[in-house]
Amino acid sequence: MTNVKLAVVFYSMGGTNYQLAKWAEEGAKETGAEVKILKVQELAPQSVIEGNEVWKATVDATKDVPVVTSDDIEWADAIIFSVPTRFGNMPSQMKQFLDTQGGLWASGKTVNKVVSAMTSAQNPHGGQEATLLSLYTSMMHWGAIIATPGYTDPVIFGAGGNPYGTSVTVDQDGKMIEDVQAAVKHQAKRTVQVAEWVKKGNQ
């Protein structure tokens, strides 16, 4: 395979989307892709984070993960976003990052990036599809090529059957209800494959 460069960009408060990002990294590396796992900048006050043990533990667990920059987006052939839902929308931390990419967008450097997205919520109808669509709306403005998993592999049905992107339900104890690891890895491999086609087509 062509050495596709993949950025996996996540925001995680409880650790779920960090785990999804790591599974995506595993799947992409199995195809030979070069992968960076990157987090978006946290916007919440430290005092608020300190008051939530799970949030604090996630911040500690991801302290060595680099914060994504415009240079990372420019570097990448493909991008997978992973975020929890916030009232059927992406979290403000991810939105702020996307909203600050106007310079890249204006210079045409977001065009033909191959993108895909994953999400989580506390119940099966907690806004997963709407959250993915909110990300994809921004990607349409970028001129990116959206590579959803659709129903391209049976593992998608086992993970809840979301054709927009892998989504997982998380219970009150922070545990994932569905087994989505295989679906995440398939989505990552598919994203890399589409990026390879685009990269070869542009050569």
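Residues numbered from 1 in each chain as written. Predicted model: local features only at pLDDT ≥ 70, side-chain atom pairs only at ≥ 80, totals over all residues. Heavy atoms only, no water.

In the annotation of an unreviewed UniProt entry, the entry for the chain reads NAD(P)H:quinone oxidoreductase, and the organism field reads Siminovitchia acidinfaciens. UniProt, in its Sequence similarities (unreviewed entry) section for the chain, records the words "Belongs to the WrbA family." (UniProt positions renumbered as here; feature names shortened; annotations may be inferred.)

Turning our attention to the UniProt feature "domain: Flavodoxin-like" (unreviewed entry) in the chain. UniProt records the feature "domain: Flavodoxin-like" (unreviewed entry) at residues 6-192, using the numbering of this structure. As annotated, residues 6-192 has a helix share of 42% and a strand share of 17%, and its two end C-alpha atoms lie 7 Å apart. (Helix = DSSP H or I, 4+ residues; strand = E, 2+ residues; numbered from the N terminus.)

So, on to empty space enclosed by the protein. Enumeration according to the criterion identifies one cavity of 30 Å³ or more in this entry. As a volume, the largest cavity reaches approximately 50 Å³. Every residue along the wall of the largest cavity is listed here: Pro149, Ile156, Ala159, Asn162, Thr166, Ser167, Ala183 and Gln187. (1 Å grid on protein atoms, 1.4 Å probe; cavity = no way out; pocket = protein on both sides within 12 Å on 5 of 7 lines; lining within 4 Å. Points joined across faces, edges and corners; volume = space filled by probe spheres on them.)

Right, let's talk about the side chain of Ser12 for a bit. Within the fold, Ser12 resides in the loop between strand 1 (5-10) and helix 1 (16-30). Engagement of the side chain of Ser12 in a polar contact is seen with the backbone nitrogen of Asn17, the distance being 3.5 Å. Polar contacts involving the side chain of Ser12 include one to the main-chain amide nitrogen of Tyr18, which spans 3.5 Å. Those residues in contact with Ser12 that lie beyond four places of it in its chain are Asn17, Tyr18 and Thr58. (Polar contact = N/O pair within 3.5 Å; in protein donor to acceptor, adjacent residues only side chain to side chain. Contact = heavy atoms within 4.5 Å.)

Before going further, it helps to spend a moment on the packing of aromatic side chains. Any pair of aromatic rings gets described here by the distance separating the centres and the angle formed by the planes. Under the counting rule described, the total for this entry stands at two aromatic pairs. Residues Tyr151 and Phe157 carry aromatic rings whose centres are separated by 5.1 Å and whose planes lie at 15° to one another, so their mutual orientation is stacked. With a relative accessible area of 47%, Tyr151 lands in the partly exposed category. The ring centre of Tyr18 lies 4.4 Å from the NZ or CZ of Lys22, which sits over that ring. The side chain of Lys36 reaches across the aromatic face of Trp75, ending 4.3 Å from its centre. (Phe/Tyr/Trp six-rings, centres within 6.5 Å; stacked < 30°, edge-to-face > 60°. Buried < 20%, exposed > 50% of the residue type's maximum accessible area, 1.4 Å probe, protein only. Lys NZ or Arg CZ within 6 Å of the ring centre and 35° of its normal.)

This brings us to the environment of Phe81. Positionally, Phe81 belongs in strand 3 (residues 78-84). Residue Phe81 is classed as buried on the basis of its relative accessible area, which comes to 1%. With 70 residues separating them in the primary sequence, Phe81 and Tyr11 have C-alpha atoms 8.5 Å apart.

Here we come to the layout of surface pockets. Counted as a void, the largest pocket has a volume near 480 Å³. Taken together, 21 residues form the lining of the largest pocket, with Met13, Gly14, Thr16, Gln122 and Val170 sitting closest to its centre. Considered class by class, the residues forming the lining of the largest pocket number six nonpolar, twelve polar and three charged. (Nonpolar A, V, L, I, M, F, W, Y, C, P; charged D, E, K, R; others polar.)

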